[in-house]
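Each chain, written out:
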Amino acid sequence: MGPGCARVVKLLRVVNLSRERPVGLNRAQAGIGPMKIVMAIIKPFKLEEVRDALTAIGVHGLTVTEVKGYGRQKGHTEIYRGAEYAVSFLPKIKIEVAVASDQVDKTIDAITSAAKTGQIGDGKIFVINLDHAVRIRTGEADAAAL
Ligand SMILES: Nc1ncnc2c1ncn2[C@@H]1O[C@H](COP(=O)(O)OP(=O)(O)OP(=O)(O)O)[C@@H](O)[C@H]1O
Ligand SMILES: [Mg+2]
């Protein structure tokens, strides 16, 4: 491929990008590109701290659900000589936040530092692909709707 050809390819790329999104906005800001749902299971008493941490990084909405679950200890604080006790469900809070993909790391960091006690049962964070989002009132889509 000669230098002329490379220039054409570059030009095409520029033309393409400018068609895809308004100048000055990144893909996420322009509502283009993938989003994620960050789902966190946390200790109930950590909810306010986590919410404050998310607000501080500019997360504008979240969904909270009271759930029950268990992790490795199966809901118990000790496993006696490795014997398995019956599983017991412990109350937890599930938080779901839809964010542009470029906000995922920040979101995970905020949740982790706010929810961590260092004790067992601190919870988990799962990241799930999100295809589409719509703000019902305005019809705005994807990252613009978050
Ligand atoms: N693999 C999993 N799938 C779905 N939910 C899970 C899973 N593991 C944990 N959870 C949820 O997260 C909650 C907290 O889990 P927990 O923090 O106890 O995990 P863990 O692996 O036992 O870690 P730790 O050893 O720090 O306690 C559980 O009560 C459950 O609701
Ligand atoms: Mg556990």
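Bear in mind that the values here come from a model prediction, so they are computed numbers and not experimental data. (Residues numbered from 1 in each chain as written. Chains lettered and ligands numbered in written order. Predicted model: local features only at pLDDT ≥ 70, side-chain atom pairs only at ≥ 80, totals over all residues. Heavy atoms only, no water.)

Student: Just to check I follow, could you spell out the overall build of the chain for this structure?
Tutor: Helix and strand counts for the chain stand at three helices and four strands. Going residue by residue from the N terminus, the α and β elements of the chain occur as α-β-α-β-β-α-β. Counting all 146 residues of the chain, 24% fall into the buried class. Residue pairs in contact within the chain that sit at least 24 positions apart in sequence constitute 70% of those at least 6 positions apart. Per element, the accessible surface of the chain, about 10,100 Å² overall, is 56% carbon and sulfur. (Helix = DSSP H or I, 4+ residues; strand = E, 2+ residues; numbered from the N terminus. Buried < 20%, exposed > 50% of the residue type's maximum accessible area, 1.4 Å probe, protein only. Contact = heavy atoms within 4.5 Å. Areas by Shrake-Rupley, 256 points an atom, 1.4 Å probe, with all protein chains shown as cover.)

Student: Help me out: how do you make sense of the pairing of strand β1 (residues 35–42) in this one?
Tutor: Along any regular strand the residues' side chains alternate between the sheet's two faces. Counting buried positions along β1 yields six of eight residues, so the element is predominantly enclosed. For β1 and strand β3 (residues 90–100), the ladder comprises eight bridges, and the chain directions are antiparallel. In the sheet register, Ile37 faces β3, and the bridge partner there is Ala98. For β1 and strand β4 (residues 123–130), the ladder comprises eight bridges, and the chain directions are antiparallel. Residue pairing in the sheet places Lys36 in a bridge with Asn129 of β4. (Pairing = 2+ DSSP bridges.)

Student: What is the right way to read the nonpolar core from this model?
Tutor: The tendency in soluble globular proteins is for nonpolar side chains to be buried as a group. Ile42, Val50, Leu54, Ile95, Val97, Val99 and Ile111 are the most contacted members of the largest nonpolar core, which totals 17 residues. Of all the secondary structure elements, the ones that give two or more residues to this core are β1, α2 (47–56), β3 and α3 (104–115). Counting residues per element, this core draws most heavily on α3, at five residues. When residues no more than four places from it in sequence are discounted, the contact partners of Leu54 are Val59, Leu62, Ile95, Val97, Thr107, Ala110 and Ile111. (Core = buried A, V, L, I, M, F, W, Y, C linked by side-chain atoms within 4.5 Å.)

Student: How do you make sense of the environment of Gly71 when you look at a structure like this?
Tutor: As for its placement among the helices and strands, Gly71 is situated in the loop between β2 (63–69) and β3. Spatially, the C-alpha atoms of Gly71 and Phe89 are 9.2 Å apart, while their sequence positions differ by 18 residues.

Student: Is there a simple way to explain the pattern of salt bridges in this structure?
Tutor: Inspection of the entire model under this criterion finds four salt bridges. Between Arg51 and Glu48 there is a salt bridge; the shortest N-O distance is 2.6 Å. Of the two residues, Arg51 and Glu48 are both situated in helix α2; the distance of three residues between them amounts to about one turn of the helix. The exposure class assigned to Arg51 is partly exposed, which follows from its relative accessible area of 39%. Across the salt bridge formed by Arg135 and Glu140, the nearest N and O atoms sit 2.8 Å from each other. The class for Arg135 is partly exposed, based on a relative accessible area of 25%. (Salt bridge = Lys/Arg side-chain N within 4 Å of Asp/Glu carboxyl O.)

Student: When you look at the sheet that holds β1 in this model, what are you seeing that I'm missing?
Tutor: Two strands in a sheet stick together by hydrogen bonds in their backbones, pointing the same way (parallel) or opposite ways (antiparallel). In spatial order, the strands read β2-β3-β1-β4; together these four strands make up an open sheet with antiparallel pairing. The open sheet is flanked by β2 and β4, the only strands paired with a single partner. Direction aside, the axes of adjacent strands within the sheet are offset by 25° on average. Running over the sheet, α2 touches β1, β2 and β3 and is turned about 10° from β3. Set on the sheet, α3 makes contact with β1, β3 and β4; between it and β1 the angle comes to about 10°. (Axes fitted to C-alpha atoms, helices over the stretch in contact; angles between N-to-C directions.)

Student: When you look at the site of ligand 1 in this model, what are you seeing that I'm missing?
Tutor: The local shell around ligand 1 holds 13 residues, among which Gly69, Arg72, Gly121, Gly123 and Lys124 are the closest. Within the contact set of ligand 1, an oxygen atom lies 2.8 Å away from a backbone nitrogen or oxygen of Gly123. Broken down by element, the shell around ligand 1 gets its largest block of residues, three residues, from β4. Taken together, the residues of the shell around ligand 1 break down into four nonpolar, five polar and four charged. (Near = heavy atom within 4 Å. Polar contact = N/O pair within 3.5 Å; in protein donor to acceptor, adjacent residues only side chain to side chain. Nonpolar A, V, L, I, M, F, W, Y, C, P; charged D, E, K, R; others polar.)

Note that all results are geometric; they support no functional claim without further evidence.
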